[in-house]
Amino acid sequence: MKARTRARGVALQALYEIDLVNHPPGEVLQHRLEEENLSPELAAFARRLLFGILPLRAQLDEVIARYAPEWPLDQIAPIDRNLLRMAAWEFAVQKDTPVKVAINEAVELAKTFGSDSAPRFVNGVLGSLAQHQNEVAQIIRKAQTEG
């Protein structure tokens, strides 16, 4: 697994744990980083992902629900939901990662952490979000300024 993919995997596992059992994010990330030997740069990347996504979960969920209405959010597997949040955050909020890279990374992580159908599902939903990338970014920005 590529280095940045490993860092995304750490962030994904932390998001998943926080989503399911609401453990303190700092502690969760620290435990994950102790298990995975990442360079300081990659650990910082995982931290930026986690703490960038957490305060925007509601807004990310809103855009996921809007552009993938056939999949009610409460019926999406938690790992898939967090993969969608992470990729959408990377290409619509952070904007350091090209859309195709964010989607490919999410699909690769879905192969590792998700069910057999997760890669196709994640690819399809993110494809829909990518088609509306500017609207997704505007919705999230608007929610940030109102919040």
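Check the entry above for the structure.
Residues numbered from 1 in each chain as written. Predicted model: local features only at pLDDT ≥ 70, side-chain atom pairs only at ≥ 80, totals over all residues. Heavy atoms only, no water.

1. Observations regarding the packing of helix α2 (residues 25-35) against helix α3 (residues 40-53)
At step 1: It is the contact of α2 with α3, at a shortest axis distance of 11 Å, that shows an interaxial angle of 150°. Judged by the inter-axis angle, α2 sits roughly antiparallel to α3. Viewed along their axes, α2 and α3 form a crossing whose handedness is right-handed. In this structure, α2 contributes P25, G26, L29 and L33 to the contact, and α3 contributes A43, R47, L50 and F51. (Axes fitted to C-alpha atoms, helices over the stretch in contact; angles between N-to-C directions. Helix = DSSP H or I, 4+ residues; strand = E, 2+ residues; numbered from the N terminus. Parallel < 35°, antiparallel > 145°, perpendicular 65-115°, else oblique. Left-handed = near helix turned anticlockwise from the far one by under 90°. Contact = heavy atoms within 4.5 Å.)

2. Section: the side chain of R81
At step 1: Along the chain, R81 falls in helix α5 (residues 78-94).
At step 2: Within polar-contact distance, the side chain of R81 engages the backbone oxygen of L73 at 3.3 Å.
At step 3: Setting aside residues no more than four positions away along its own chain, R81 makes contact with D19, D61, I64, L73 and I76. (Polar contact = N/O pair within 3.5 Å; in protein donor to acceptor, adjacent residues only side chain to side chain.)

3. Notes on the pattern of salt bridges
At step 1: Applying the stated criterion to the full structure yields 11 salt bridges.
At step 2: Across the salt bridge formed by R32 and E35, the nearest N and O atoms sit 3.0 Å from each other. With R32 and E35 both in helix α2 and three residues apart, the pair spans about one turn of that helix.
At step 3: Classification of R32 by relative accessible area gives buried; the value is 17%.
At step 4: One salt bridge connects D61 with R85, and the closest N-O pair in it is separated by 2.7 Å. Of this pair, D61 sits in helix α4 (residues 57-67) while R85 sits in helix α5, and the two are 24 residues apart along the sequence. Accessibility assignment for this pair places D61 and R85 in one class, buried.
At step 5: Members of the salt-bridge network, linked through shared partners, are K2, R8, E90 and E105. (Salt bridge = Lys/Arg side-chain N within 4 Å of Asp/Glu carboxyl O. Buried < 20%, exposed > 50% of the residue type's maximum accessible area, 1.4 Å probe, protein only.)

4. Focus: the packing of α5 against helix α7 (residues 118-131)
A pair of packed helices is captured by two measures, namely the crossing angle of their axes and the spacing between those axes.
At step 1: Direction vectors running N to C along α5 and α7 enclose 35°, while the axes themselves pass 10 Å from each other. Seen along the crossing, α5 lies across α7 with a hand that is right-handed. Facing α5, whose interface residues are D80, L83, L84, A87, A88 and F91, α7 presents A118, F121, V122, V125, L126, L129 and A130.
At step 2: Of the residues in the contact of α5 with α7, the class split is 12 nonpolar, no polar and one charged. (Nonpolar A, V, L, I, M, F, W, Y, C, P; charged D, E, K, R; others polar.)

5. Some details on the packing of aromatic side chains
At step 1: In the structure shown here, the tally under the stated rule is zero aromatic pairs.
At step 2: The aromatic ring of F45 is capped on one face by R4, whose charged end is 3.8 Å from the ring centroid. (Phe/Tyr/Trp six-rings, centres within 6.5 Å; stacked < 30°, edge-to-face > 60°. Lys NZ or Arg CZ within 6 Å of the ring centre and 35° of its normal.)

6. Regarding the side chain of D80
At step 1: Looking at where D80 falls in the secondary structure, it is placed in helix α5.
At step 2: One buried charged side chain, D80, makes no salt bridge at all; its nearest oppositely charged neighbour is R81, positioned 9.0 Å away.
At step 3: With sequence-adjacent residues up to four places away left out, D80 is seen in contact with G114, A118, F121 and V122. (Lys, Arg positive; Asp, Glu negative; His and termini not counted.)

7. Observations regarding α5
At step 1: At A88, α5 shows its largest kink, close to 25°.
At step 2: Of all 17 residues that make up α5, 14 are buried, and the element is covered over most of its length. (Bend = angle between axes of the 7 residues up to and from the residue.)

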